[in-house]
Amino acid sequence: SFPDGVWFVGLAAVRDPGSVVAAIAQAFDLPDTGGPPLRERLISSLQPKHLLLVLDNVEHLLPAAPLVADLLRACPALAVLATSRAPLHLSGEHERAVPPLAVPDLRHVPEGGDLARYPAVGLFLQRAQAVSPEFRLTPSNATAVATICAQLDGLPLALELAAARVKLLPPAAMVA
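The notes below deal with the structure included here. What you see is a predicted model; the values in this text were computed from it and never measured.

A few words on the nonpolar core. In this structure, L11, V20, I24, L42, L53, L55 and L71 are the most contacted members of the largest nonpolar core, which totals 29 residues. For this core, the secondary structure elements donating two or more residues are α1 (20-27), α2 (38-46), β2 (51-56) and α3 (65-74). Discounting chain neighbours no more than four positions away, the residues touching L53 are W7, V9, I24, F28, L71, L78, A79, V80 and L81. If you look at the next biggest cluster of nonpolar residues, it comprises 18 residues, including L115, V121, A142 and C149.

See below:
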């Protein structure tokens, strides 16, 4: 659907709404070298392209929403997917709630392979292995992993944040 690709811009570390244009430009390797303003050069660069721009963690940068509106107005083949806990209040915006993922019943924790079939456990494992490739679901950590997923109510962001800690803490220590 997007011949010029899908471009991801993580905004969690960006603190100033005025820096959003630089974060997006950086994703496209568009240097801030002076000359025309970076915002104008970004628009010029994106105008002919048919792409999806994924802006992740926008909720703390809502004052940058006019930039997104300007990009969408100036670039007719641009689509934007913004993850946010708050709407951007842009014309044509469509909100999609992300429901929690299914979690195992802690009264009857299934064995390894069956446990990994739960979407919450699967996401936890995927993210844990991204930071610690040797991490595996084992009989000794299965109950702790299931407990983490259930205690976090299957919320994807919470699962990602917890899984990132397996590099420092085993699942049992996280539960404690």
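The next subject is unusual backbone geometry. Of note, D29 is a non-glycine position whose phi angle comes to about 55 degrees, a positive value. Here D29 lies in the loop between α1 and α2. Residue classification places D29 among the exposed positions, given a relative accessible area of 69%.

Overall, the coordinates contain 2 aromatic pairs when judged by the stated rule. Between F124 and F135, the aromatic rings sit 6.3 Å apart at their centres with planes inclined by 70 degrees, giving edge-to-face as the arrangement. In this pair, F124 sits in helix α5 (residues 119-131) while F135 sits in the loop between α5 and α6 (142-151), placing the two residues 11 residues apart along the sequence. Of the residues examined, F124 reaches a relative accessible area of 0% and is grouped as buried.

This part is about the packing of α5 against helix α7 (residues 156-163). In the contact formed by α5 and α7, the axes pass within 8 Å of each other and the chain directions differ by 35 degrees. α7 is crossed by α5, and the crossing has right-handed handedness. Along the contact surface, α5 presents A120, L123, F124, R127, A128 and V131, while α7 presents P156, L159, E160, A162 and A163. Split by residue class, the contact of α5 with α7 holds 9 nonpolar, no polar and 2 charged.

Right, let's get into the sheet that holds strand β1 (residues 6-10). Two strands in a sheet stick together by hydrogen bonds in their backbones, pointing the same way (parallel) or opposite ways (antiparallel). Here we have 3 strands laid out as an open sheet, ordered β1-β2-β3, and parallel in their pairing. Two strands in the sheet have a free side with no partner beyond their single neighbour: β1 and β3 (78-82). Neighbour to neighbour, the strand axes of the sheet diverge by 20 degrees on average, direction disregarded. Where β1 and β2 come together, 5 bridges link them in parallel fashion. Among the inter-strand pairings, V6 is bridged to a residue of β2, identified as L52. Packing of α1 onto the sheet brings it into contact with β1 and β2, and relative to β1 it is tilted by some 140 degrees. Where α3 meets the sheet, its contacts fall on β2 and β3, and the angle it forms with β3 comes to roughly 155 degrees.

So, about the pattern of salt bridges. Under the defined criterion, the tally for this structure stands at 6 salt bridges. Between D105 and R107 there is a salt bridge, and its shortest N-O distance comes to 3.0 Å. Using a relative accessible area of 68% as the deciding quantity, one classes R107 as exposed. What emerges from the salt-bridge pattern is a single network uniting R39, D70 and R73.

Parameters at a glance
- Residues numbered from 1 in each chain as written.
- Predicted model: local features only at pLDDT ≥ 70, side-chain atom pairs only at ≥ 80, totals over all residues.
- Heavy atoms only, no water.
- Core = buried A, V, L, I, M, F, W, Y, C linked by side-chain atoms within 4.5 Å.
- Buried < 20%, exposed > 50% of the residue type's maximum accessible area, 1.4 Å probe, protein only.
- Helix = DSSP H or I, 4+ residues; strand = E, 2+ residues; numbered from the N terminus.
- Contact = heavy atoms within 4.5 Å.
- Phe/Tyr/Trp six-rings, centres within 6.5 Å; stacked < 30°, edge-to-face > 60°.
- Axes fitted to C-alpha atoms, helices over the stretch in contact; angles between N-to-C directions.
- Left-handed = near helix turned anticlockwise from the far one by under 90°.
- Nonpolar A, V, L, I, M, F, W, Y, C, P; charged D, E, K, R; others polar.
- Pairing = 2+ DSSP bridges.
- Salt bridge = Lys/Arg side-chain N within 4 Å of Asp/Glu carboxyl O.

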